[in-house]
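Architecture and fold: a report
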Amino acid sequence: EAEGVFIISHDINHHKTFEKRFIHLINELSRLIENANALIFSVDSREYVTEWNKECIRVTHYEKNDVLAQKVNELIDDGSKDDFDRLVKAVLRGEAMANQEFIIKTKDDGSLTVLVNATPKISQSKQVVGVLFVGQDITELSEYRHALEEKVKDRTEKLKEALQKEKELVELKNRFVSIASHEFKMPLSSIDSS
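The structure contained in this document is the topic of the report that follows. (Residues numbered from 1 in each chain as written. Predicted model: local features only at pLDDT ≥ 70, side-chain atom pairs only at ≥ 80, totals over all residues. Heavy atoms only, no water.)

**A closer look at the pairing of strand β1 (residues 39-44)**
Within β1, six of the six residues are buried, which leaves the element mostly enclosed by the surrounding structure. The alternating pattern of β1 places Leu39, Phe41 and Val43 on one face and Ile40, Ser42 and Asp44 on the opposite face, and all of these are buried. In the sheet, β1 pairs with strand β5 (residues 128-137) via six bridges, with the strands oriented antiparallel. Its bridge partner being in β5, Phe41 is matched across the sheet by Phe133. Here three bridges tie β1 to strand β2 (residues 49-52), and the two strands are oriented antiparallel to one another. Looking across to β2, one finds that Ser42 is bridged to Glu51. (Buried < 20%, exposed > 50% of the residue type's maximum accessible area, 1.4 Å probe, protein only. Helix = DSSP H or I, 4+ residues; strand = E, 2+ residues; numbered from the N terminus. Pairing = 2+ DSSP bridges.)

Dropping the structure here:
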């Protein structure tokens, strides 16, 4: 036979309020990532794409359904794959990497040069569970830099040629002065001795 009933109650309104604020904050963060003016995508520890924001869609023309659950290295240009693989492995070991430049393929068989920062995604149990990439399309800047490097290389070559010509002219002038001096010295010597 029960002689009494104990009822313990707690006011959980503050917990519910906190939960609502937390969910609102998560939704705001998700909207921020989705609509950011930066390429933001992530991969899991097996390197499958798990996030792909609107800027990624805009610049690569790959929709989310095209890339989600696909290996990220399929999106990387062959010339950049080795460097990209090293980057992903380093970040999966827990290292954050900044200002890494890669070439990404686009859906229309083009390519983009992107500058990315990569950080580890950490679980509640402090395990690295993926990589978060944040970057910018620097294709135009990269092309400009390449054109500028070519222009500097061309101008340097022209300067070397001009310096070589000047050196040849100085040598020619010195030879002329030497020959002229010698040629004038002989008649002047004979005149002087007369």
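That covers the picture; the talk isn't over yet.
**A look at the nonpolar core**
The biggest cluster of nonpolar side chains holds 25 residues, and the ones touching the most others in it are Trp52, Phe84, Leu87 and Phe133. Sorting the residues of this core by element identifies β1, β2, α2 (54-60), α4 (81-92), β3 (97-105), β4 (111-122) and β5 as the ones contributing at least two each. Beyond its immediate chain neighbours, meaning those up to four positions away, Phe133 contacts Leu39, Ile40, Phe41, Ser42, Val43, Phe84, Leu87, Val88, Val116, Asn117 and Ala118. (Core = buried A, V, L, I, M, F, W, Y, C linked by side-chain atoms within 4.5 Å. Contact = heavy atoms within 4.5 Å.)

**Notes on the sheet that holds β2**
The five strands lie next to each other as β2-β1-β5-β4-β3, forming an open sheet whose pairing is antiparallel. Pairing within the sheet leaves two strands with one partner each, and these edge strands are β2 and β3. Taking each pair of neighbouring strands and ignoring which way they run, the sheet shows an average axis angle of 30°. (Axes fitted to C-alpha atoms, helices over the stretch in contact; angles between N-to-C directions.)

**Some points on the packing of aromatic side chains**
Counted by the stated rule, this structure contains five aromatic pairs. Seen from their ring centres, Phe41 and Phe133 are 4.7 Å apart, and the 15° between their planes marks the pair as stacked. With Phe41 in strand β1 and Phe133 in strand β5, this pair connects stretches of sequence that are 92 residues apart. Residue classification places Phe41 among the buried positions, given a relative accessible area of 4%. Accessibility expressed as a relative area gives 1% for Phe133, which makes it buried. Between Phe84 and Phe133, the aromatic rings sit 5.5 Å apart at their centres with planes inclined by 20°, giving stacked as the arrangement. With Phe84 in helix α4 and Phe133 in strand β5, the pair connects residues that are 49 residues apart, well separated along the chain. Through pairs of rings, three or more aromatic residues link up here, namely Phe41, Trp52, Phe84, Phe102 and Phe133. Sitting over the ring of Tyr48, Lys71 keeps its end group 5.1 Å from the ring centre. (Phe/Tyr/Trp six-rings, centres within 6.5 Å; stacked < 30°, edge-to-face > 60°. Lys NZ or Arg CZ within 6 Å of the ring centre and 35° of its normal.)

By themselves, these observations are geometric and do not establish any function.
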